[in-house]
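Next come the chains, spelled out residue by residue.
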Amino acid sequence: MEPQSINGPDIVAAREQIGPRSKTAFLTNLWPVRLIAYLGALMLVVVLTKLISLPLVPAPSSPAYESIATVRNLLQAVAMIAAYSFLASKLESRNATETAIRGATTSFLRGLVIGVGLIVSAYMAMYGLGVAEFRAGTGASDIVMAILKPGVVGTLEELVFRVILFRILQHMSGTFVAVLISASLFGLAHIGNPGATPLAMTFLTVEMGVFLALMYVLTQSLWVVAGCHMGWNFALGFVFGSNVSGLDSPNAMLVTTLRGPDLLTGGAFGPEGSIVTLAVNLVAISVAIWLIARRNLWQPVKFELRARPLPASI
């Protein structure tokens, strides 16, 4: 399968192909076993990289901590993607095209534009409603870290929640159930963030959990959904200076003041908890669903524990 990309107004993707059954053990042909294997491998990489880098990363109070820790996390992300790709070749007898390097930069940038565009649209709607005011911030002096941090975090979260969890759940239970479960788990993963409320978590689950799962259905690409995630967080935190899932953004190009009821502003959680942001994303979700249906990429509800080879061409 060729790497997928977003081209112009349309998003084109093919069904992911599963290679023929190899001489692996009986258990490795079960999707739940593969899910555990993938997640276990990623956890092992995290533990090993933290142990290896322990003498190199200074204490959090050190001025160099943030920069060194970010580089460590970047290398950790590379190792996790490599581990996933290696396991895919062994467990599923296929090349992991969803993490392929060829075309990754283009796909990431296209996802980045989508993520930034969603946040800009939400803020323009808030400005039109008289909820948002903007003034100059600290500028672009911290832009390197502002790109690296959300880029690494977004890539790792997408690797876990979309490439591994959603993908395997879709094979087991179909698209609707996989979207529902993976998006819910994504929202629950942020429940401990500052300012989180049940309503804000519900909004975030739909805005990012559902939308990014649908984007993965369309593109079958880690890089597109990682770019969307990174662009979303980058625009929220560094461009507009807003809280990102409740977390403060001290350095930003703009300082945004939101005034009004929490339902419109998102309250302490930030614009992700705003019904305005939800409305913008619901439009994007509607477009994604239409494209999925148009390209016949929606898999019906099913229950399959064992992997089944797909035809060599669709």
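Parameters at a glance
Residues numbered from 1 in each chain as written. Predicted model: local features only at pLDDT ≥ 70, side-chain atom pairs only at ≥ 80, totals over all residues. Heavy atoms only, no water. Helix = DSSP H or I, 4+ residues; strand = E, 2+ residues; numbered from the N terminus. Buried < 20%, exposed > 50% of the residue type's maximum accessible area, 1.4 Å probe, protein only. Contact = heavy atoms within 4.5 Å. Areas by Shrake-Rupley, 256 points an atom, 1.4 Å probe, with all protein chains shown as cover. Axes fitted to C-alpha atoms, helices over the stretch in contact; angles between N-to-C directions. Parallel < 35°, antiparallel > 145°, perpendicular 65-115°, else oblique. Core = buried A, V, L, I, M, F, W, Y, C linked by side-chain atoms within 4.5 Å. Patch = residues over 30% accessible without salt bridge, like charges linked within 9 Å, V, L, I, M, F, W, Y side chains within 5 Å. Salt bridge = Lys/Arg side-chain N within 4 Å of Asp/Glu carboxyl O. Left-handed = near helix turned anticlockwise from the far one by under 90°. Nonpolar A, V, L, I, M, F, W, Y, C, P; charged D, E, K, R; others polar. Expected span 1.5 Å × (residues − 1). pLDDT = per-residue confidence, 0-100. Phe/Tyr/Trp six-rings, centres within 6.5 Å; stacked < 30°, edge-to-face > 60°.

**A few points about the overall build of the chain**
- Scanning the chain from N- to C-terminus turns up nine helices and four strands.
- Each helix and strand of the chain, ordered N terminal to C terminal, gives the series β-β-α-α-α-β-α-α-α-α-β-α-α.
- The buried share of the chain, reckoned over its 314 residues, is 48%.
- When contacts within the chain are restricted to residue pairs at least 6 apart in sequence, those whose partners lie at least 24 apart make up 78%.
- When the accessible surface of the chain is summed, it comes to about 14,600 Å², and 70% of that surface belongs to carbon and sulfur atoms.

**Overview of the side chain of Glu98**
- Within the secondary structure, Glu98 is located in the loop between helix H2 (65–91) and helix H3 (104–128).
- When near neighbours in sequence (up to four residues on either side) are disregarded, Glu98 contacts Tyr84, Val163, Arg167, Tyr216, Gln220, Ser221, Leu222 and Trp223.

**Structural notes on the packing of helix H1 (residues 31–53) against helix H4 (residues 143–173)**
- Following both chains from N to C, one finds H1 and H4 inclined at 170°, their axes separated by 10 Å at the closest point. Relative to H4, H1 is oriented roughly antiparallel. Touching Trp31, Pro32, Arg34, Leu35, Tyr38, Leu39 and Leu42 of H1 are Leu159, Val160, Ile164, Leu165, Arg167, Ile168, His171 and Met172, all from H4.

**So, unusual backbone geometry**
- The backbone of Gln220 shows a phi angle near 50°, a positive value even though the residue is not glycine.
- Along the polypeptide, Gln220 turns up in the loop between helix H6 (198–219) and helix H7 (222–239).
- Look at Asn296: it is not a glycine, yet its phi comes out positive at around 55°.
- If you trace the backbone, Asn296 turns up in the segment after helix H9 (275–294).

**Re the nonpolar core**
- Counting residues in each nonpolar core, the largest one holds 78 residues, and the members touching the most others are Tyr38 and Leu159.
- Those elements that place two or more of their residues in this core are H1, H2, H3, H4, helix H5 (175–188), H6, H7 and H9.
- Other than its neighbours up to four places away in sequence, Tyr38 contacts Tyr84, Leu87, Ala88, Leu91, Glu92, Ile164, Arg167 and Ile168.

**What to know about a nonpolar patch on the surface**
- Among the surface-exposed residues, Phe176, Leu180, Ile181, Leu185, Leu188, Ile191, Ile289, Trp298 and Val301 lie close enough to one another that they form a single nonpolar patch of about 840 Å² accessible area.
- With five residues, the single largest contributor to the nonpolar patch is H5.
- In this fold, Val301 is placed in the segment after H9.
- For Val301, a relative accessible area of 62% puts it in the exposed group.

**Focus on the packing of H6 against H7**
- One can describe the packing of H6 onto H7 by two numbers: an axis separation of 8 Å at closest approach and a directional angle of 150°. With respect to H7, the element H6 is oriented roughly antiparallel. As for the relative orientation of H6 and H7, their crossing is right-handed in sense. For the pair H6 and H7, contact is made by Glu207, Met208, Leu212, Met215, Tyr216 and Thr219 and by Leu222, Val224, Val225, Cys228, His229 and Trp232, respectively.
- Residues that form the contact of H6 with H7 fall into these classes: nine nonpolar, two polar and one charged.

**As for H2**
- Across its 27 residues, H2 extends 38 Å between first and last C-alpha, which sits within 8% of the 39 Å expected from 1.5 Å per residue.
- By the burial criterion, the buried members of H2 are Ala69, Thr70, Arg72, Gln76, Ala77, Met80, Ile81, Ala83, Tyr84, Leu87, Ala88 and Leu91.

**Thoughts on the side chain of Glu304**
- Among the structural elements, Glu304 can be located in the segment after H9.
- When its relative accessible area of 19% is taken as the criterion, Glu304 is described as buried.
- With near-sequence residues (within four places) excluded, Glu304 lies in contact with Trp31, His171 and Met172.

**Topic: the confidence of the model for the chain**
- For the chain, per-residue confidence averages 86 on the pLDDT scale, and 86% of positions sit at 70 or higher.
- Within the chain, the element-level pLDDT minimum falls on strand S1 (residues 5–7), averaging 44, and the maximum on H9, averaging 97.
- Considering only residues more than four positions removed or in separate chains, one finds that residues 1–14, a stretch of pLDDT under 50, has 39 contacts.
- When the criterion is pLDDT under 50, residues 17–23 qualifies, and its contacts beyond four places in sequence or with other chains add up to 23 contacts.

**Digging into the packing of aromatic side chains**
- Under the criterion given, the structure shown has eight aromatic pairs.
- Ring plane angle 35° and centroid distance 4.9 Å describe the contact between Tyr38 and Tyr84, whose orientation is recorded as tilted. Here Tyr38, found in helix H1, pairs with Tyr84, found in helix H2; they are 46 residues apart in sequence, far enough to count as distant. The pair formed by Tyr38 and Tyr84 is uniform in burial state, with each residue classed as buried.
- For the ring pair Phe134 and Phe240, a centre distance of 5.7 Å and an interplane angle of 45° mean the geometry is tilted. One end of the pair, Phe134, is in strand S3 (residues 132–136); the other, Phe240, is in the loop between H7 and strand S4 (254–258), with 106 residues separating them in the sequence.
- The partly exposed category is assigned to Phe134, whose relative accessible area is 29%.

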